Amino acid sequence: MTLKQEKQIPTVIFVLMLFIVFLYMLPLVIMILNSVKNYDEIMKNVLALPEHLSFKNFAVVFKDMNYPLTFFNTFVVTLTGTVGIVIFGSMAGYKMARVKTRYSQLSFLYCITPMMVPFQSFMITLVVIAKKFHLTNNVPGLGIIYWGLGIPMALFLYQGFAKTIPYELEESAIMEGCSQPRLFLQIIFPLLKSVTASVIVVNAMWIWNDFLLPLLVVGGSKEKKTLQLAAYSFMGQYKSEWQNIMAAAILIIIPALIIYLIFQKNIIKGLVAGAVKG
Amino acid sequence: MIPATTNKRRNIKELKEFVCYVFPAVLLITVFVSIPFLMCIYNSFRKWNGISKTTKFIGLKNYRKLFTDDPTFLHALGFTFLYAVCVVIIINITALLLAVLLESNIKGKGFFRAAFYIPNIISLVVIGFIWKFICIRVFDQLAVITNDPFWQQSWLGDPNLAVVTTIFVSVWQGLGFYLIIYIAGLQSVPGDLMEAARIDGAGTFRRFFSVTLPMIMPSISFCMFYSVANSMKMFELIFSLTGGGPGVATTPIALDIYNTAFNNNNFGYGSAKSVVLFIIVCTISVIQVRFFKSREIEA
């Protein structure tokens, strides 16, 4: 192979990748195109470009799905869930990395084992228990249930990272009379910032997009619905009015897309950190 | 390292502190995972409709029924295995191949990586509806335009094709995640090692199979582990794409558990199915850990 030929290879691959990505994204492009069509256009040809842009579909979706309320509900659940997971996960993960006794190791093992247990294998009784604690049909309650489900993974990441923080830092802080809570809040927690960013992004995306747990916990009530639940019932109701369904899909994707674009780097870092240590 | 101390009071103080930090996490996990899980095992030996206060102990009856008198469950078991095997193989090979292509110093790597990841940030329910639209309306349109019988088939209505569709959509949705992990793995392969192999006269394929592949074993084992666990408990995508149909053709175990417990109000029987799902996932995980631990090399 000559040098010139070898230099051409990246260009060939580049064109090939461009083609693959185009095909890969095609379903989403079709979704966007059809979200601005009207019913007649969509019945005529779903592959044609829209004749005129109409945002009427979005208005229908906005009203029918009660978008502001469902958006707010989803936001509350995501916020409650993520904040709790970060607080309790970082506290326990940090302490378990520092204390090296048997009971510390045992409790660490106990806390990370749930990562192996599939959610569906205990969801039936989880609903029963949630009802006992009045956490069903309760938007912040749904967020609280996520604490138990999200802590194992967060704790695992925090513990792994906290092990790498030198102990001298805490020692000198204690020498100078720093109290335990202050030590954690002002010295340790800021040092854990890169893990915290990953934990926040990964958990926020998960809770925002989750469907099954909200279906089981708040599915019965109309005012407590999250975006995903509202989307499901909305899309089931407008069976053949695909223009509305596509518009709804876009309205649901946009918030997650914004989070993704802002925190893109952290997501990738978080995934890789989880993968390498897992 | 914490200095060893014989001071009993100090030990107690440290224990107290430990409990303060760790207790909330342990409590939450106990309440929302451990207790529900243990209760599930307990209920799997009982007859319970989920509403009445009394439950009745019926021994192994639920389990016996599962394997002898429930064609839906046995079908779900078969479908889940078929689905998992196909998705795991296709998704890992495709992602690794794309990662290798992307790592060959082409322009716009960041763009490609971000583009492939986008389906991952869309909720599975929405993905299901987008693809339902594509299978029903877009393929119809393609059939009209191309007159090709390939597009005229009922991609969601035919039991066999519906299985193919669910597998295809799952791969499309999940690919970006595995791609990112494989790219990170490839980036960790030291360049001088590749250079040494090249100087020793190893060709492109030889370098890939003898140097790259063993070096990225941790990424491979993670991706295998994650994709298996994820496909064994697939629920949401299928729920909105096919609803488990036509008939029960694409009903996975997770959906069967849901239907048993929440549509047929058979909580005891559903719990037995849950326990079986747990045992299957656990067994596969243990086998995988053993298999890959013996193959990983220290970098």
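Calculation criteria
Residues numbered from 1 in each chain as written. Chains lettered and ligands numbered in written order. Predicted model: local features only at pLDDT ≥ 70, side-chain atom pairs only at ≥ 80, totals over all residues. Helix = DSSP H or I, 4+ residues; strand = E, 2+ residues; numbered from the N terminus. Rg over C-alpha atoms; globule rule 2.2 N^0.38 Å. Buried ≥ 20, exposed ≤ 12 C-beta atoms within 10 Å, placed from the backbone. Contact = placed C-beta atoms within 7 Å. Nonpolar A, V, L, I, M, F, W, Y, C, P; charged D, E, K, R; others polar. pLDDT = per-residue confidence, 0-100. Axes fitted to C-alpha atoms, helices over the stretch in contact; angles between N-to-C directions. Parallel < 35°, antiparallel > 145°, perpendicular 65-115°, else oblique. Left-handed = near helix turned anticlockwise from the far one by under 90°. Domains from an automatic or database assignment. Core = buried A, V, L, I, M, F, W, Y, C linked by C-beta atoms within 7 Å.

Enquirer: Just to check I follow, could you spell out the overall build of chain A for this structure?
Expert: Within chain A, the secondary structure is distributed over 13 helices and zero strands. Overall, chain A shows an N-to-C arrangement of helices and strands of α-α-α-α-α-α-α-α-α-α-α-α-α. The globule rule puts the C-alpha radius of gyration for 278 residues at 19 Å, and the 24 Å found for chain A is more than 25% above it. Seen along its three principal axes, the alpha-carbon backbone of chain A occupies a region of about 75 × 70 × 35 Å. Across the 278 residues in chain A, those meeting the buried criterion constitute 42%. Across chain A, the fraction of contacts at a sequence separation of at least 24, relative to all contacts at a separation of at least 6, is 78%.

Enquirer: Would you mind going over the overall build of chain B with me for this structure?
Expert: Along chain B, the regular secondary structure elements total 13 helices and two strands. Scaling as 2.2 N^0.38, a compact globule of 299 residues should have a C-alpha radius of gyration of about 19 Å, whereas chain B reaches 25 Å, well beyond that. Considered along the principal axes of its C-alpha atoms, chain B spans approximately 80 × 70 × 30 Å. For chain B, long-range pairs separated by at least 24 residues make up 72% of all intrachain contacts whose partners lie at least 6 apart in sequence.

Enquirer: Looking at this structure, I do not really get the environment of B:Val163. What am I missing?
Expert: Residues and elements named next belong to chain B. Mapped onto the secondary structure, Val-163 falls in helix H7 (residues 159–187). Classification of Val-163 by C-beta neighbours within 10 Å gives partly exposed; the count is 17. In the structure, Val-163 is positioned 84 residues away from Phe-79 in sequence and 8.2 Å away in space, judged by C-alpha atoms. Residue contacts for Val-163: discarding those within four places in its chain leaves Phe-79, Ala-249 and Thr-250.

Enquirer: Is there a simple way to think about unusual backbone geometry in this case?
Expert: Trans peptide bonds make up most of the peptide bonds, and negative phi angles are found at most residues other than glycine. Residues and elements named next belong to chain A. In this structure, Asn-66 takes a positive phi of about 55° despite not being glycine. Looking at the secondary structure, you find Asn-66 in the loop between helix H3 (56–64) and helix H4 (67–98). Phi is positive for Asn-137, which is not a glycine, with a value near 50°. Within the fold, Asn-137 resides in the loop between helix H6 (123–132) and helix H7 (139–162).

Enquirer: Where do I start with the interface of chain B and chain A in this structure?
Expert: Accessible area lost upon the coming together of the parts is a frequently used measure of interface size. Contacts between the two partners involve 68 residues from chain B, matched on the other side by 70 residues from chain A. Of the residues forming the side of chain B that touches chain A, the biggest block, 18 residues, is contributed by helix H1 (residues 8–43) of chain B. Residues belonging to the side of chain B that touches chain A are distributed by class as follows: 52 nonpolar, 11 polar and five charged.

Enquirer: Could you clarify how one ought to interpret the confidence of the model for chain B in this entry?
Expert: Low pLDDT means the predicted atomic positions in that stretch should not be read closely. All names here are of chain B. A residue-level look at chain B finds 96% of positions with pLDDT of 70 or above and a mean pLDDT of 87. Per-element confidence in chain B is highest for helix H3 (residues 71–102), whose mean pLDDT is 94, and lowest for strand E2 (residues 56–57), whose mean pLDDT is 80. Among the scores for the predicted complex, ipTM is 0.88 and pTM is 0.88.

Enquirer: Help me understand the packing of H4(A) against H1(B) in this model?
Expert: What describes two packed helices is the angle between their axes and the distance between those same axes. Relative orientation of the contacting elements H4(A) and H1(B) amounts to 125°, with a least axis distance of 8 Å. The orientation of H4(A) relative to H1(B) falls into the category oblique. The two elements H4(A) and H1(B) cross, and the hand of that crossing is left-handed. Two secondary-structure elements touch here, H4(A) through A:Phe88, A:Gly89, A:Met91, A:Ala92, A:Tyr94, A:Lys95 and A:Met96 and H1(B) through B:Phe18, B:Tyr21, B:Val22, B:Pro24, B:Ala25 and B:Leu28.

Enquirer: Help me out: how do you make sense of the environment of B:Trp155 in this one?
Expert: All names here are of chain B. Note on placement: Trp-155 falls in the loop between helix H6 (149–152) and H7. Put simply, Trp-155 and Ile-220 are 65 residues apart on the chain and 32 Å apart in space, counted from C-alpha to C-alpha. Among all residues touching Trp-155, those that are not within four sequence positions of it are Cys-135, Phe-139, Leu-161 and Thr-165.

Enquirer: What is the right way to read the domain arrangement of chain B from this model?
Expert: Residues and elements named next belong to chain B. Per the domain assignment, the segments of chain B are domain 1 (8–57) and domain 2 (65–293). Placing the centre of domain 1 and that of domain 2 at their C-alpha centroids yields a distance of 33 Å. Between domain 1 and domain 2, the contact holds 11 residues from the first and nine residues from the second. Those elements giving two or more residues to the side of domain 1 that touches domain 2 turn out to be H1 and strand E1 (46–47). Residue composition of the side of domain 1 that touches domain 2, by class: four nonpolar, five polar and two charged.

Enquirer: So what exactly am I meant to see when it comes to the nonpolar core here?
Expert: A general trend in soluble globular proteins is that nonpolar side chains are found buried together. Counting 147 residues, the largest nonpolar core has A:Ile151, A:Ala231, A:Ala248, A:Ala249, B:Val126 and B:Leu179 as the members making the most contacts within it. Of the domains in this structure, domain 1 (8–57) and domain 2 (65–293) of chain B are the two that each give at least three residues to this core. In contact with B:Val126, not counting residues within four places along its chain, are A:Ala231, A:Ala249, A:Ile252 and A:Ile253.

Enquirer: Can you walk me through the environment of B:Leu179 in this structure?
Expert: Structurally, B:Leu179 can be placed in helix H7. Sequence spacing of B:Leu179 and B:Phe116 is 63 residues, and the spatial spacing of their C-alpha atoms is 7.9 Å.

Enquirer: Even after reading the chapter, I still don't get the packing of H6(A) against H1(B), so can you show me in this structure?
Expert: Where H6(A) meets H1(B), the axes come as close as 8 Å, and the angle between the chain directions of the two elements is 115°. Where H6(A) crosses over H1(B), the two elements pack in a sense that is right-handed. For the pair H6(A) and H1(B), the contacting residues are A:Ile124, A:Thr125, A:Leu126 and A:Ile129 in the first and B:Val31, B:Phe32, B:Ile35, B:Pro36, B:Met39, B:Cys40 and B:Asn43 in the second. Residues belonging to the contact of H6(A) with H1(B) are distributed by class as follows: nine nonpolar, two polar and no charged.

Enquirer: Got a minute to help me understand the confidence of the model for chain A in this structure?
Expert: Put simply, chain A has an average pLDDT of 86, and 94% of its residues get 70 or more. The spread of mean pLDDT over the elements of chain A runs between helix H2 (residues 39–44) of chain A, the lowest at 78, and H4(A), the highest at 93.

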